[in-house]
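# Results of the structural survey
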Amino acid sequence: MPDHDPQFDSSPKFYVGICKLCETGPLGLRVCGDCGAVLVVCDECDAAWAGAETDQPPTTTGVTTLPCPHCHSDLFEPPAHWADADEVRACGWVDVAVQRGVLELKQDGVEH
């Protein structure tokens, strides 16, 4: 676990798989507080991907900060937060990845 005290609000509401980097962490959908981008973030090792390509190396990883790959704002700090249902629905790349079978969208163990 990285050495930091993230301001993450509890746990992800929506999951899209298990991290292939650490092999234990759930991959949640997190919203950048500045640019509003929806990202995939491992809730265990704090690796982040800008999109659905979670089989590739992460775009960024957190140690004391977790910079958004789009605008470099810290994804640990509010107003960054785990995506809610409306934000997931509004994110086109998530829907495309689920339809293509690249990601599997779950909420509290329920597939969508």
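That block above? That's the structure.
Residues numbered from 1 in each chain as written. Predicted model: local features only at pLDDT ≥ 70, side-chain atom pairs only at ≥ 80, totals over all residues. Heavy atoms only, no water.

What follows is about the side chain of R30. Inspection of the secondary structure assignment puts R30 in strand β2 (residues 26-31). Side-chain polar atoms of R30 contact the backbone oxygen of A80, separated by 3.4 Å. (Helix = DSSP H or I, 4+ residues; strand = E, 2+ residues; numbered from the N terminus. Polar contact = N/O pair within 3.5 Å; in protein donor to acceptor, adjacent residues only side chain to side chain.)

In this section: the packing of aromatic side chains. Going through the model one piece at a time under the given rule, you end up with 0 aromatic pairs. Over the face of the ring belonging to W82 we find R30, whose NZ or CZ atom lies 4.9 Å from the ring centre. (Phe/Tyr/Trp six-rings, centres within 6.5 Å; stacked < 30°, edge-to-face > 60°. Lys NZ or Arg CZ within 6 Å of the ring centre and 35° of its normal.)

On to the nonpolar core, then. Generally speaking, soluble globular proteins have nonpolar side chains that are buried together. One finds V16, L27, L29 and V88 to be the most contacted residues of the largest nonpolar core, which totals 20 residues. Of all the secondary-structure elements, those providing two or more residues to this core are β2, β3 (38-42), β4 (47-49) and α2 (92-99). Setting aside anything within four residues of it in sequence, one finds L29 in contact with F14, V16, V38, L39, V40, W82, A83, V88, W93, V94 and L105. (Core = buried A, V, L, I, M, F, W, Y, C linked by side-chain atoms within 4.5 Å. Buried < 20%, exposed > 50% of the residue type's maximum accessible area, 1.4 Å probe, protein only. Contact = heavy atoms within 4.5 Å.)

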